[in-house]
Amino acid sequence: MTTADAPLCHSVTSPPVNGGRATELDTLAWLEAEAIHIIREVAAECERPCLLFSGGKDSIVMLRLAEKAFWPARIPFPVMHVDTGHNFPEAIEFRDRRAAELGVELIVASVQESIDRGRVVEEIGPRASRNRLQTVTLLDAIAEHDFDALFGGARRDEEKARAKERIFSFRDAFGQWDPSNQRPELWNLYNGRLSRGEHIRAFPLSNWTELDIWQYIKREQLEIPSIYFAHDREMFERDGMLFPTSEFVPRLPDEDPFEARVRFRTVGDMTCTAGVLSEAETLEQVVSEIAATRITERGETRADDRFSEAAMEDRKREGYF
Amino acid sequence: MTTATHDADVDILGPDHRSLLRLATAGSVDDGKSTLIGRLLYDSKQTFIDQMEAIERTSRTRGEDDVNLAYLTDGLRSEREQGITIDVAYRYFATPRRKFILADTPGHVQYTRNMVTGASTADAALLLVDARKGVVEQTRRHAYLSSLLGIRHFVLCVNKMDLVDWDRAVFERIAEELTAFASRMDIDDVRAIPISAKLGDWVVEPSSRMPWYDGPPLLELLEMLEASDPPQHHAARFPVQYVIRPLRDEFHDYRGYAGTMASGVLRVGDRVAVMPSGAETTVAAIERYEDQLHEATPPMAVTVRLADDLDVRRGSMIVSAQHPPVAASTVDAHICWMSERAPLRERDRLVVKHATQTTRALVDEVGARLDVNSLEYDLTASQLSLNEIGRVRLRLMAPLSVDPYAESRETGAFILIDEATSATVGAGMITSGE
């Protein structure tokens, strides 16, 4: 038994510890219970769910929660990664290893294949990104595998469009989210019924904040890819952010590379994920830095949200995660 | 300018035992709700530099002199265009004592279903009133809906006190009016605070301009509110969500019933009944992942194992054998109707989802319809239109294990689903079942 669980077992008879109420769960325990409830509900009501797993911190937490939800049985659905081909190699290595450890089926949907088959056209130029192309690959994979529910690790604290999204979010056959016509979602009674061609995006981490994710990773002692910790890397500066050099990103003439000690706060495409200068080498140090930071996760590290005030809203309407 | 503290003041590396309080805001357009939420986020240091830069830019672009904190809660494109809130937005903030989830709900009557979505999971309601206008129709409607949804703690924020010269008499008149109204709805806990969200008075900091108010600032009050009753006051209810049967040699005979504790306390060794059959057995184990627990309380997600091999499946409910729920084939309920497509009429057939069970229902009778403005019931009504609330009797195809909503939200609530569109069209709160 973990130390965090210890007070709960005897809580009814022990003296009040928090807000005068003995049996109150702490926030992480509450969030964990809510997420497990949602995961089980999807697994019970949907025919073919699938969990999106990128090797990023949120999806690592998702996978852990799924493991707990069905223990001692195995996770009863596959995991899928939409691979842009521009991912951090460290994250890909981690993804493959973790899926093998848990004995879950890993499906890799490849953006490169979508390009090769002419489903999408690659952007060109130094600011080209495969971020938007992922949507087509994702929707094709959903159709190919006949998935009716996809678990995503999105959180409502990330961004204002996500702050409005339901936990069970419905997508039509085009994968579109219609923010003006969301189903009412009351109590913990999730309506998993679908009309033809629809599917659900289920977000069990909706109510988690970035700090909750890190505290949970620490409480559970979860392994995360090495790029989340400070390491020396060749970087270059663009738009005030530090990007990793890679074969996928042509640099402009004045964008000279330099060595820096960085860590990544999110794990996305190498073309649009910026790093932050950091000396944090342990989980404790990372959590301390996150708690003290004064810039949002997406504002600091995601070039894909900088297009407009409604970048995420627009991409979600198109069927993005 | 503030003593509120960021997470950095908490030992975030050690075990974090902060509890969670879920709030829903309610109020009408222009009474400063967005500004108040912006102020809570800003003064509790939950805003980030890039967010502040963005709202400074927006404030400048829109020709405002000061940074408008309301833009911190800016929503979707269509909402910005219309300048109103259409759907619930969820905000997160924390103090050294507690973490908060705040459902920022829309005020317009046509978005009542979204307001109900936000309020259904709240422990406390934050009601906002403009000091110049006092309690208006929308305040009463929101207070009533919140009480119907089982919220028992109300915090009345009389806002814009700066515009009424910090006048104590204005505040007291509004507070008395709402308290009188609330007592008619069995709301016993109403706390009123005079504030100026724009200037920050009594939000996080005490105000020297209203020294006559002798309570705590809003944020401190929210830190102290008790969220709900202790579970031992209620009978044990455990709706079975999922049956776990690992097909592995080491767990050959394992059969676990996974679910979320809905009410009461379930202990290993407890005598329990499995609804709807009522067959009795004993709790053999309560597990949470690899941990063996002695007991489970709401809202823990656990796996229960029983001593006997009974017919237990998704939709079954493991309950206290001494205090079982009613296995109801008809229920009387308050229903909030949320369909734009058609009204709720007698003889309609709908899908009902209650706890983890789904069945069908026939609308036997629409007995009364609430006039949300006068809060009177119209006993001659025979149907409910979009956003209307009424008393309805449903006949159920399969029995549901129900409790009155006032005693247990989790086993007293249901949703109605339109079979043709799969949409959620109604929210039900059970008053009785038989």
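Below is a short write-up of the structure. (Residues numbered from 1 in each chain as written. Chains lettered and ligands numbered in written order. Predicted model: local features only at pLDDT ≥ 70, side-chain atom pairs only at ≥ 80, totals over all residues. Heavy atoms only, no water.)

Comments concerning the interface of chain B and chain A
Next, step 1: Contact residues are listed per partner, giving 94 residues for chain B and 80 residues for chain A.
Next, step 2: Each partner contributes to the roughly 7700 Å² buried at the junction of chain B and chain A, and carbon and sulfur atoms together form 54% of this total.
Next, step 3: Our count for the chain B to chain A interface comes out at 8 salt bridges.
Next, step 4: Residue Arg 166 of chain A is joined to Asp 87 of chain B by a salt bridge in which the shortest nitrogen-to-oxygen separation is 3.0 Å.
Next, step 5: If you look at where chain B meets chain A, you find 33 residue pairs in polar contact (both at pLDDT 80 or more).
Next, step 6: Its residues assigned to classes, the side of chain B that touches chain A shows 39 nonpolar, 28 polar and 27 charged. (Contact = heavy atoms within 4.5 Å. Buried area = accessible area lost by both parts, 1.4 Å probe. Salt bridge = Lys/Arg side-chain N within 4 Å of Asp/Glu carboxyl O. Polar contact = N/O pair within 3.5 Å; in protein donor to acceptor, adjacent residues only side chain to side chain. Nonpolar A, V, L, I, M, F, W, Y, C, P; charged D, E, K, R; others polar.)

Some points on empty space enclosed by the protein
Next, step 1: The full count for this structure, using the stated rule, is 8 cavities of 30 Å³ or more.
Next, step 2: Taken as a whole, the second largest cavity encloses approximately 110 Å³ of empty space.
Next, step 3: In terms of lining, the second largest cavity is formed by His 37, Asn 188 and Leu 189 of chain A together with Pro 239, Thr 260, Met 261, Ala 262, Ala 355, Thr 356 and Glu 410 of chain B.
Next, step 4: Broken down by class, the residue content of the lining of the second largest cavity amounts to 5 nonpolar, 4 polar and 1 charged. (1 Å grid on protein atoms, 1.4 Å probe; cavity = no way out; pocket = protein on both sides within 12 Å on 5 of 7 lines; lining within 4 Å. Points joined across faces, edges and corners; volume = space filled by probe spheres on them.)

Quick notes on the sheet that holds strand β1 (residues 49-52) of chain A
Residue and element names in this part refer to chain A.
Next, step 1: What the 6 strands build is an open sheet, ordered β3-β2-β1-β4-β6-β5; its pairing is mixed. On the outer flanks of this sheet lie β3 (106-110) and β5 (168-171), each paired with one strand and no other. Averaged over all neighbouring strand pairs, the angle between strand axes comes to 30 degrees, with direction disregarded.
Next, step 2: Strand direction decides the pairing type here: β1 and strand β2 (residues 79-83), joined by 2 bridges, are parallel. (Pairing = 2+ DSSP bridges. Helix = DSSP H or I, 4+ residues; strand = E, 2+ residues; numbered from the N terminus. Axes fitted to C-alpha atoms, helices over the stretch in contact; angles between N-to-C directions.)

Some remarks on the packing of aromatic side chains
Next, step 1: One pass over the structure, following the stated rule, counts 16 aromatic pairs over all chains.
Next, step 2: Put simply, the rings of Phe 70, Phe 77 and Phe 151 of chain A together with Tyr 242 of chain B touch in pairs and so form one group of aromatic residues.
Next, step 3: The ring centre of Phe 170 of chain A lies 3.5 Å from the NZ or CZ of Arg 183 of chain A, which sits over that ring.
Next, step 4: Stacked on the ring of Tyr 377 of chain B, the Lys or Arg Arg 391 of chain B has its end atom at 4.0 Å from the ring centre. (Phe/Tyr/Trp six-rings, centres within 6.5 Å; stacked < 30°, edge-to-face > 60°. Lys NZ or Arg CZ within 6 Å of the ring centre and 35° of its normal.)

As for the pairing of β1 of chain A
All names here are of chain A.
Next, step 1: Here β1 shows no split at all, with Pro 49 and Leu 51 on one side and Cys 50 and Leu 52 on the other all buried.
Next, step 2: Pairing of β1 with strand β4 (residues 149-151) involves 3 bridges; the strand directions are parallel. Looking at the pairing, Leu 51 lines up with Phe 151 of β4.
Next, step 3: In the classification by handedness, the crossover that spans β1, the intervening helix α3 (residues 57-70) and the parallel β2 is right-handed. (Buried < 20%, exposed > 50% of the residue type's maximum accessible area, 1.4 Å probe, protein only. Right-handed = clockwise from strand over helix to strand, strands pointing away.)

Distances and angles like these do not, on their own, reveal function.
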